[in-house]
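# A look at the structure
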There are 2 protein chains.
Amino acid sequence: MNRTTETKGITQCSIFDFNLSWYELLTKEEKMLIDEHSVSINFKKGETVCKRGAFASHIYFLEEGLVKVYLEERNKNLILTLFTKNNLLGLSSLFEGNNKLPYSVSTYTDSKVRMIDIQIFRQLLQQNPEFSYRIINLLNEKTSQIYGRFFSLTQKQLHGRLADILLCLSNRIFKSKSFELPLSRADLGDLTGMSTESVIRMMKEFKDDGLIDMHCKSVELLDVARLERISEFG
Amino acid sequence: MNRTTETKGITQCSIFDFNLSWYELLTKEEKMLIDEHSVSINFKKGETVCKRGAFASHIYFLEEGLVKVYLEERNKNLILTLFTKNNLLGLSSLFEGNNKLPYSVSTYTDSKVRMIDIQIFRQLLQQNPEFSYRIINLLNEKTSQIYGRFFSLTQKQLHGRLADILLCLSNRIFKSKSFELPLSRADLGDLTGMSTESVIRMMKEFKDDGLIDMHCKSVELLDVARLERISEFG
DNA sequence: AAAAATAACTGCTTCAAGTCAGTTTTTTCC
DNA sequence: GGAAAAAACTGACTTGAAGCAGTTATTTTT
């Protein structure tokens, strides 16, 4: 008997990348309102889009690029999630009681961000239930993915965490088994919660074991099945 | 110059316990709808309220007790958050695309849970924007607290993590500097992501250092300021 | 009230993973 | 295109924290 309905593992992939169309749920007037109260800004690679603790004045829509959402405190750095283009960022700061951004955002690659006035966004939430319902769903999906990352980083050791992130980059971010990393080894370290040196050692180990091929920034997954097993068993 | 407006640390307290009144935002008819489509169930200490992967048929309102929300997979156990009475549980499963519960819930103490039909809840979300907006805020606040826990568990070492959880239990759960723990040392281990033995050793160390007093299940925080410093510096 | 079971505690050992101090390779930029 | 800077990499060392194997203390059970 095939148990095909079984629940998938917690951390099959832990990074946010999907795109429910929220914009289409707005009326013509509401769309105009957003258009009038937003501007599109270009960011260069490595630039900071916003910092935790600043007043949240906008909701961000990533039109182009790759960014990280992270928490930092005295040189500790925790990446919560990555975002690719066509995703809404900063929804968490909608919370009325706390007008401060709950995380920082910075770019891995050149990016284009549409900044939408947060008051307008709030207004639309209050007046359009379907839109509001969709936003709840976006938040939920995101939260659930972050839980997966939380599990991965706290319950697995290096092998599993690195396998997780490689699968994730392949499946969600680059949608290909081979890709050019826009991230440094230190970035990968932040992403997997391990030291730069450990990333290097572990990547080499994976390469020696024939799991991946790798030369500097270019990576190719060779044995996805085995990587998934490593991810699963931690 | 006093920088009193500075943002508070990420993990000042990492467990969910607050209570925005969502019920009052419903109309008389809507309240009746909820009353008609919900039942209250008693759970004994240690019982499972629901399991990750099961179909999400209800939203839970904790009327009495203390429960943990957690992820488990092959004897790995990650506690996402604790809930005390008067809080809504299971909001994450509102996400329409995935009718499965994203986490498990079980009780630490005897508890009373009102189970609300999820379809009714969804209907109210769609028809009542203010209610919907309040629920978004609840979700956001919760998410933000879980980020704090995420940071604590991944970026701090044992001292900091234990200090975090002790402060949290004191501030949010028991609202007193001395309290009777309904959790075992093993539970504390799950909560802080450390082994039972390490919890014991660390607690003893805190006791020897005069940070806390402790005898079996009863704990008293003696030097909150120093605990906060330990929490902050990890 | 004694026996059984569970939880709390202790000391010793082991190991995963970080740190440090370099060398080599790749990228950047005048 | 060559010098300078930044990443990538390597090996040796250190350490935080888990695991193990046992003892003592608390509950629970009968």
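Further up the page is the structure itself.
If you're wondering where the values come from, they're calculated on a predicted model, not measured in any experiment.

All right, on to the overall build of chain A then. Each helix and strand counted, chain A has 7 helices and 11 strands in total. When burial is assessed residue by residue, chain A has 54% of its 234 residues classed as buried. Carbon and sulfur atoms form 48% of the exposed surface of chain A, whose accessible area is close to 10400 Å².

Further remarks concern the pattern of salt bridges. Residue and element names in this part refer to chain A. With the rule as written, the count across this model stands at 16 salt bridges over all chains. A salt bridge links Lys156 to Asp164; its shortest N-O distance comes to 3.0 Å. Given the relative accessible area of 7%, Lys156 is considered buried.

Once that is clear, we can look at the sheet that holds strand β7 (residues 104-107) of chain A. Residue and element names in this part refer to chain A. Taken in spatial order, the 4 strands line up as β2-β7-β4-β5 in an open sheet, and their pairing is antiparallel. Unpaired on one side and paired on the other, β2 (48-50) and β5 (76-84) mark the two borders of the sheet. On average, each strand axis in the sheet is inclined to that of its neighbour by 30°, with strand direction left out of account. The sheet contact formed by strand β4 (residues 66-73) and β7 spans 4 bridges and is antiparallel. Bridging from a neighbouring strand, Tyr70 pairs with Ser104 of β7.

Another point: the protein's contact with DNA strand D. Neighbouring residues of DNA strand D: 16 residues in total, closest Arg185, Lys204 and Lys217 of chain A together with Gln157 and Ser198 of chain B. The sugar-phosphate backbone supplies 71% of the atoms of DNA strand D found within 4 Å of the protein. At 2.9 Å from a phosphate oxygen of DNA strand D is found a main-chain nitrogen or oxygen belonging to Arg185 of chain A. Elements that contribute at least two residues to the surface near DNA strand D include exactly α6 (196-208) of chain A together with α6 (196-208) of chain B. With 4 residues, the single largest contributor to the surface near DNA strand D is α6 of chain A. Within the surface near DNA strand D, the residues separate by chemical class into 3 nonpolar, 6 polar and 7 charged.

Rules and cut-offs
- Residues numbered from 1 in each chain as written.
- Chains lettered and ligands numbered in written order.
- Predicted model: local features only at pLDDT ≥ 70, side-chain atom pairs only at ≥ 80, totals over all residues.
- Heavy atoms only, no water.
- Helix = DSSP H or I, 4+ residues; strand = E, 2+ residues; numbered from the N terminus.
- Buried < 20%, exposed > 50% of the residue type's maximum accessible area, 1.4 Å probe, protein only.
- Areas by Shrake-Rupley, 256 points an atom, 1.4 Å probe, with all protein chains shown as cover.
- Salt bridge = Lys/Arg side-chain N within 4 Å of Asp/Glu carboxyl O.
- Pairing = 2+ DSSP bridges.
- Axes fitted to C-alpha atoms, helices over the stretch in contact; angles between N-to-C directions.
- Near = heavy atom within 4 Å.
- Polar contact = N/O pair within 3.5 Å; in protein donor to acceptor, adjacent residues only side chain to side chain.
- Nonpolar A, V, L, I, M, F, W, Y, C, P; charged D, E, K, R; others polar.

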